[in-house]
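# Residue-level structural notes
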Amino acid sequence: METTVLVVGGGATGAGVARDLAMRGVDVTLVERGRFAGGTSGRSHGLLHSGARYAVDDPEGAGDCLVENRILKRIAPHCIADTGGYFLRTADDDPDYFERKREACEEVGIETSSVDVEEARRHEPDLAEGVERVLEVPDAVVHPTRLTAANAADAREHGARLLPETEVRDVVRENDRVVGAVVDDGSNERRIDAEHVVNATGAWAGRLGSLAGVEIEMAPTSGVMVAVEFEGLDTVLNRARPAADGDIVVPHDGQVVLGTTSVDVEDPDEFSTDDAEIDRMFEECSTMLSGLDPDRIDRVYWGVRPLYTEDRERYEGRQISRGFYLLDHDARDGVIGLSTIVGGKLTTYRRMAEAVGDHVADRLGVEEPSRTVETPLVGHDDPDRIDEIVREFGASNPADEDVTDRP
Ligand SMILES: Cc1cc2nc3c(=O)[nH]c(=O)nc-3n(C[C@H](O)[C@H](O)[C@H](O)COP(=O)(O)OP(=O)(O)OC[C@H]3O[C@@H](n4cnc5c(N)ncnc54)[C@H](O)[C@@H]3O)c2cc1C
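Residues numbered from 1 in each chain as written. Predicted model: local features only at pLDDT ≥ 70, side-chain atom pairs only at ≥ 80, totals over all residues. Heavy atoms only, no water.

Time to look at the overall build of the protein. Within the protein, the secondary structure is distributed over eleven helices and 20 strands. If you line up the protein on its principal axes, its C-alpha atoms span 65 × 50 × 40 Å. The proportion of buried residues among the 407 residues of the protein is 58%. Restricting the contact set of the protein to residue pairs at least 6 apart, pairs at least 24 apart contribute 74%. Within the structure as shown, the protein displays about 16,400 Å² of accessible surface, and the carbon and sulfur contribution to it stands at 42%. Taking the average location of the 44 positive side-chain charges in the protein and that of its 85 negative ones, the two points are 2 Å from each other. (Helix = DSSP H or I, 4+ residues; strand = E, 2+ residues; numbered from the N terminus. Buried < 20%, exposed > 50% of the residue type's maximum accessible area, 1.4 Å probe, protein only. Contact = heavy atoms within 4.5 Å. Areas by Shrake-Rupley, 256 points an atom, 1.4 Å probe, with all protein chains shown as cover. Lys, Arg positive; Asp, Glu negative; His and termini not counted. Charge placed at Lys NZ, Arg CZ, Asp CG, Glu CD.)

Turning our eyes to something else, we now look at the nonpolar core. Counting 48 residues, the largest nonpolar core has Val 7, Val 28, Leu 30, Leu 147, Val 198 and Phe 393 as its most contacted members. Beyond its immediate sequence surroundings of up to four residues, Leu 147 is in contact with Ala 76, Cys 79, Val 142, Leu 346, Tyr 349 and Leu 377. With 26 residues, the next largest nonpolar core counts Leu 127, Val 226, Cys 285 and Met 288 among its residues. (Core = buried A, V, L, I, M, F, W, Y, C linked by side-chain atoms within 4.5 Å.)

Each assigned domain of the protein is listed with its residue range as follows: domain 1 (2–42 + 144–219 + 308–404) and domain 2 (82–140 + 221–305). The distance between the C-alpha centroids of domain 1 and domain 2 comes to 30 Å. Opposite the twelve residues of domain 1 that make contact, domain 2 presents ten residues. Both faces considered, domain 1 and domain 2 share a buried interface measuring about 950 Å² in area, 48% of it formed by carbon and sulfur atoms. Broken down residue by residue, the surface that domain 1 buries against domain 2 is led by Ala 203, Pro 398 and Asp 402, which jointly contribute 39%. There are four salt bridges connecting domain 1 and domain 2. For Asp 402, the salt bridge goes to Arg 299, with nearest N and O atoms at 2.7 Å. (Domains from an automatic or database assignment. Buried area = accessible area lost by both parts, 1.4 Å probe. Salt bridge = Lys/Arg side-chain N within 4 Å of Asp/Glu carboxyl O.)

Glancing now at the sheet that holds strand β4 (residues 80–81). Here we have three strands laid out as an open sheet, ordered β3-β8-β4, and antiparallel in their pairing. In this open sheet, the two strands that pair with only one neighbour each are β3 (47–48) and β4. Looking at chain direction, β4 and strand β8 (residues 140–142) are connected through two bridges and run antiparallel. Each residue of the ladder has a partner; that of Ile 80, found in β8, is Val 142. (Pairing = 2+ DSSP bridges.)

So, about the site of the ligand. Neighbouring residues of the ligand: 35 residues in total, closest Thr 13, Glu 32, Ser 41, Leu 47 and Thr 347. Backbone polar atom of Gly 39 to an oxygen atom of the ligand: 3.3 Å apart, as the coordinates give it. Contact between the ligand and Gly 344: an oxygen atom at 3.2 Å from a main-chain N or O atom of the residue. Burial of the ligand by the surrounding chains reaches 95%, relative to a free accessible area of 1,000 Å². (Near = heavy atom within 4 Å. Polar contact = N/O pair within 3.5 Å; in protein donor to acceptor, adjacent residues only side chain to side chain.)

Empty space within the second largest pocket amounts to approximately 190 Å³. As for the second largest pocket, its lining consists of 14 residues, of which Ala 81, His 143, Pro 251, His 252 and Asp 253 are closest to the centre. In terms of residue class, the lining of the second largest pocket is built from five nonpolar, five polar and four charged. (1 Å grid on protein atoms, 1.4 Å probe; cavity = no way out; pocket = protein on both sides within 12 Å on 5 of 7 lines; lining within 4 Å. Points joined across faces, edges and corners; volume = space filled by probe spheres on them. Nonpolar A, V, L, I, M, F, W, Y, C, P; charged D, E, K, R; others polar.)

Here we come to the packing of aromatic side chains. This structure, assessed with the given rule, holds two aromatic pairs. An angle of 75° between the planes, with centres 5.0 Å apart, marks the rings of Phe 36 and Phe 393 as edge-to-face. With Phe 36 in the loop between β2 (28–31) and β3 and Phe 393 in the loop between α10 (383–392) and α11 (401–404), this pair connects stretches of sequence that are 357 residues apart. The two residues Phe 36 and Phe 393 agree in class, both being buried. Centre to centre, the rings of Tyr 308 and Tyr 325 are 5.1 Å apart; their planes meet at 55°, and the pair counts as tilted. Of the two residues, Tyr 308 is situated in the loop between β18 (297–305) and β19 (324–328) and Tyr 325 in strand β19; the sequence distance between them amounts to 17 residues. Judged by its relative accessible area of 6%, Tyr 308 is buried. Residue Tyr 325 is classed as buried on the basis of its relative accessible area, which comes to 9%. When the ring centre of Tyr 54 is taken as reference, the NZ or CZ atom of Lys 345 above it lies at 4.5 Å. (Phe/Tyr/Trp six-rings, centres within 6.5 Å; stacked < 30°, edge-to-face > 60°. Lys NZ or Arg CZ within 6 Å of the ring centre and 35° of its normal.)

Here we take up the environment of Ala 399. With respect to the helices and strands, Ala 399 occurs in the loop between α10 and α11. Exposure remark for Ala 399: the relative accessible area of 3% places this residue in the buried category. Through-space distance from the C-alpha of Ala 399 to that of Ser 41 is 8.1 Å; in sequence the pair is 358 residues apart. Apart from residues lying up to four places away in sequence, Ala 399 is in contact with Ser 41, Gly 42, Arg 43, Ser 44, Pro 144, His 252, Arg 299 and Tyr 301.

Okay, structure coming up:
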C-alpha cells in the first residue's frame, strides 16, 4: 500500500494532523495500534483549559490555551460542555497568589470575574465550607473520545484512510530517508510506503523514534483520575494555588472526575500505581467540594503525559511554541521524511496539528493553507451523530465512557 503521509498515533494530535492534511488535499493514512483516543487522550482529565491554570508561570502557554479554547468552542461544540470554571481560594491558600492569578489572567486577556462566595454557592451549593474567594474563568469540559473520533471521521470525509488496531512494528529507511513503515493489524504484517511519516505517538514517541533510528528522549509522568458519582456540580473547580496534586474537579452529568498527580514513569505501558494517590484526590478535592464519597467511585484510571526532555538549548529555534515540540528529523538528525510532534495538551491539539500540517505541506510543496480554525468538525450540528461515530470506531475510554457509552 502507498500513501503520501503516514500519521502514526490516533490520539487527538494524530487524528488532528490527519484531518489538517486531508483538508489540504493531501493523501493521508492514519494508523493507531488500539482504538482512537485509547492512549493518553482518552485517559486525560478532560479540562478544556482557558489558560488560567498557567497564567502565572507560563503566560505564553496560557495564551495558546485561551486562543484554542475559543476556537474549539466554535468548531467542536458537540465535544464540549461549556460549563465555565471557578478558581477557589481556601483558608489554607496564599491570598497573594489569588491576586497574582487574577492579574496574570488579565494580562493574558482571559476574561475573569470575582464572584462573591455566597453568590457562587447559590450556583454551586456544594462548594466546601472553607472556600473564601472565587474567580470565574472560561474553562470548560472536553470529551476526548468524541473530539478524537470527530477529527478522525472528518479526516476520512476528506479522503484519509483510517487504520485503527494497526501497530507500526518497524519504520523502513533507505539510507538517510524514511520511506514507510511495517504495520501489523493482528492478522497480517504489511508495508505501507510513504513520502513522509509523522510520529504522533505521544508518550510512545521515543519508541517509534528508535524504530527509525533517531533518539527522542521522553520524560513521561503518570497522573490519576477518580470518577465519582455526584449530582449537581455544573462548573469546573480549580484550586487557586501553585500547581499541586488534586487541584481540579471536572463535572460530568451525574459524576465528577477528581485529579490529578504527577509521578515519573519509565515505560508508558507498564508503570506502578499507588492507591494512596486515590485517597489524596478525595482529601484535596474535598477542600473545594463537599459530599465526595469514596464509596461512590465509578472508575479510577491513570494517564501518561507525553513530556519531552531533550536539551532545549541545542535545538533552540525548533521549539515552535511553549508546551509542544515539532521535531524536524531532517534538520535535527539528518533523517529525511520523518517528523515528530510531542508535548502539548489536549486543549492545544488543533494548533499542534496545524503546525505539523504547515511543516509537512512545506516539505511536500503543498500550498493549501490549514482551514481548521474556521471549519467546524463533522457532527457539530447533529448531537446524535458524534456518538454514532464513536460507536462505529468502537472507541470507549475512561475519560468519558460515562458520556459516550450512554444508551
Ligand atoms: C493525567 C493527565 C491529565 C491530563 N489532563 C488534561 C486536561 O485536563 N486538559 C488538557 O488539555 N490536557 C490534559 N492532559 C494532556 C493531554 O491528555 C495530552 O497532552 C494529549 O491527550 C496527548 O495526545 P496525543 O494524541 O499527543 O497522544 P495520545 O493520545 O497518547 O496518542 C498517541 C497514540 O499513539 C498510539 N501509538 C503508540 N505507538 C504506536 C505504534 N507503534 N503504532 C501505532 N500507534 C501507536 C497510542 O496507542 C496512542 O493512542 C492530561 C494528561 C494526563 C496524563
